[in-house]
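Reading the structure
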Amino acid sequence: MNRNLHRTESHPLGIIKAAIQEYFEGRHPGEFRFFDDLRPIVKTEANFDELLIPEDHVSRSPNDTYYVGDGTVLRCHTSAHQAELLRGGHAAFTCTGDVYRRDTIDATHYPVFHQMEGVRVFEEDDWGGEGDGTAHAEAELRSTLEGLAKHLFGDVECRWVDAYFPFTEPSIELEIFYRGEWLEVLGCGVMRQEILEGNLPAGASGKRRRAWAFGLGLERLAMVLFGIPDIRLFWSGDERFLSQFKAGDLTTQFQPYSKYPPCNKDMAFWLSDAFTENNLCEVVRGVAGDLCEEVKLIDEFTNPKLGRTSHCYRVVYRSMDRSLTNEEIDALQERVREEVVGQLGVELR
Ligand code: DAH
């Protein structure tokens with residue numbers, strides 16, 4: 001997946017990344033470092049432990065995260081680089097990259113997407129030495145990110161919602177009112193002090209420190225800003241998509257080229273122990289790749305006598321670029337049925 005979409009200047013993801021970096025550079029000239037080429041394979045320590053993510057947190061499950069080797073994963077968020085960059089002595093940075101999650105299939109979910117992480121550290125002089133700096137960091141975080149939202153979306157109304165992340169306290173989420181809807185834009189908070197103190201080398205001055213952090217999804221912002229209806233489009237090599245975007249231009253409104261017709265195929269089976277919806281979607285993607293637009297549960301029931309549960313899934317096939325033939329879809333669905341049985345041990349009905 002080494003497409004480097006976020007490093008392609010005229011790609012919508014590259015355009016959003018550049019606009020955010022430009023905002024931080026304008027606000028604090030020369031202060032922020034911008035990383036965008038850190039390797040996506042990281043140690044589980046970096047992805048979880050160093051962020052104080054509890055042992056029993058769902059994100060650690062192999063049903064959610066891609067484990068690639070002994071003690072390594074495909075990062076499931078760019079937060080995986082916080083500790084390492086602090087250890088490198090960086091006190092103000094963003095870090096952008098591809099992140100990976102096992103998930104279900106629909107228009108807004110794809111196993112690879114892009115995030116940007118941001119961190120800024122303060123010293124006690126910045127907050128006038130009063131208290132531990134939390135209030136200062138939080139206030140500065142809010143005004144920085146409200147400013148960022150306005151930089152990207154124009155003069156939008158912003159609101160804050162309480163949240164929970166293991167690595168921040170307090171944790172909050174920013175929402176904006178855009179085109180008639182409240183949309184979640186990012187998660188953020190005041191970095192847990194253990195993470196900051198455990199990693200950022202102590203300054204010679206011995207001054208106390210406090211930091212904020214945020215993380216945002218580039219596809220989500222780009223879909224809203226440019227009006228891109230399907231997350232698979234980001235991976236399209238089709239000129240009808242790519243040629244619509246220009247480096248530095250946040251105003252483009254995506255013009256859909258004719259949508260090709262979808263084709264639905266339903267499939268019912270008795271569940272097995274290995275069955276999870278994410279596993280099913282992984283199998284479907286393995287066979288159909290980007291030709292699958294959505295996998296949705298349309299019916300389920302349990303037979304109490306047999307103690308067995310049956311699910312019926314609808315697989316929606318549609319190409320972004322061309323019409324699919326019946327033969328092609330039938331062949332895909334046949335292979336999906338075989339692989340679901342072979343890999344998950346379900347029993348087709
Ligand atoms: N890592 C979080 C996620 O993937 C996003 C996030 C939330 C990052 C809060 C942060 C933060 O740095 O402070 O959903």
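From a predicted model like this one, the values you see are computed outputs, not experimental measurements.

Let us look at the overall build of the protein chain. Scanning the protein chain from N- to C-terminus turns up 9 helices and 14 strands. The C-alpha extent of the protein chain, read off along each of the three principal axes, is 70 × 45 × 35 Å. Residue pairs at least 24 apart in sequence account for 66% of intrachain contacts in the protein chain once pairs closer than 6 positions are excluded. Just so you have it, the protein chain exposes about 16000 Å², and 48% of that area is on carbon and sulfur atoms. Charge centroids of the protein chain, computed over 38 positive and 59 negative side chains, lie 3 Å from each other.

In space, the 7 strands of this open sheet follow the order β1-β5-β6-β10-β9-β8-β7, with mixed pairing throughout. Because the sheet does not close on itself, it has two edges, and the strands there are β1 (33-35) and β7 (157-163). Shown here is a sheet whose adjacent strand axes are inclined to one another by a mean of 20 degrees, direction ignored. Note that strand β5 (residues 92-100) and strand β6 (residues 112-123) share 9 bridges and pair antiparallel. Counted as the bridge partner of V99 is F113 from β6. Of the strands in this sheet, β6, β7, β8 (168-178), β9 (181-191) and β10 (209-217) are in contact with helix α4 (residues 134-153), which crosses β8 at around 25 degrees.

Turning to the site of the ligand, a few remarks are in order. Contacts to the ligand come from 15 residues, most closely from H77, S79, R101, Q115 and E117. Residue H77 places a side-chain N or O atom 3.0 Å away from a nitrogen atom belonging to the ligand. Mapped by element, the contributors of at least two residues to the shell around the ligand are β6, β9 and β10. Residue composition of the shell around the ligand, grouped by class: 5 nonpolar, 8 polar and 2 charged.

Right, let's talk about the domain arrangement of the protein chain for a bit. When the parts come together, some accessible area is lost, and that loss is often what is quoted as the size of the interface. Examined at the domain level, the protein chain breaks down into domain 1 (5-242) and domain 2 (263-348). Tallying the contact residues gives 19 residues for domain 1 and 17 residues for domain 2. Summing the contributions of domain 1 and of domain 2, the shared interface buries around 1600 Å²; its carbon and sulfur component is 46%. Its largest share of buried area at the contact with domain 2, domain 1 owes to R102, I105 and R232, together 46% of the area lost on that side. We note a salt bridge from E282 to R102, for which the minimum N-O separation is 3.9 Å. Connecting domain 1 to domain 2 are 13 residue pairs in polar contact (both at pLDDT 80 or more). The class makeup of the residues in the side of domain 1 that touches domain 2 is 7 nonpolar, 4 polar and 8 charged.

Cut-offs applied
- Residues numbered from 1 in each chain as written.
- Predicted model: local features only at pLDDT ≥ 70, side-chain atom pairs only at ≥ 80, totals over all residues.
- Heavy atoms only, no water.
- Helix = DSSP H or I, 4+ residues; strand = E, 2+ residues; numbered from the N terminus.
- Contact = heavy atoms within 4.5 Å.
- Areas by Shrake-Rupley, 256 points an atom, 1.4 Å probe, with all protein chains shown as cover.
- Lys, Arg positive; Asp, Glu negative; His and termini not counted.
- Charge placed at Lys NZ, Arg CZ, Asp CG, Glu CD.
- Pairing = 2+ DSSP bridges.
- Axes fitted to C-alpha atoms, helices over the stretch in contact; angles between N-to-C directions.
- Near = heavy atom within 4 Å.
- Polar contact = N/O pair within 3.5 Å; in protein donor to acceptor, adjacent residues only side chain to side chain.
- Nonpolar A, V, L, I, M, F, W, Y, C, P; charged D, E, K, R; others polar.
- Domains from an automatic or database assignment.
- Buried area = accessible area lost by both parts, 1.4 Å probe.
- Salt bridge = Lys/Arg side-chain N within 4 Å of Asp/Glu carboxyl O.

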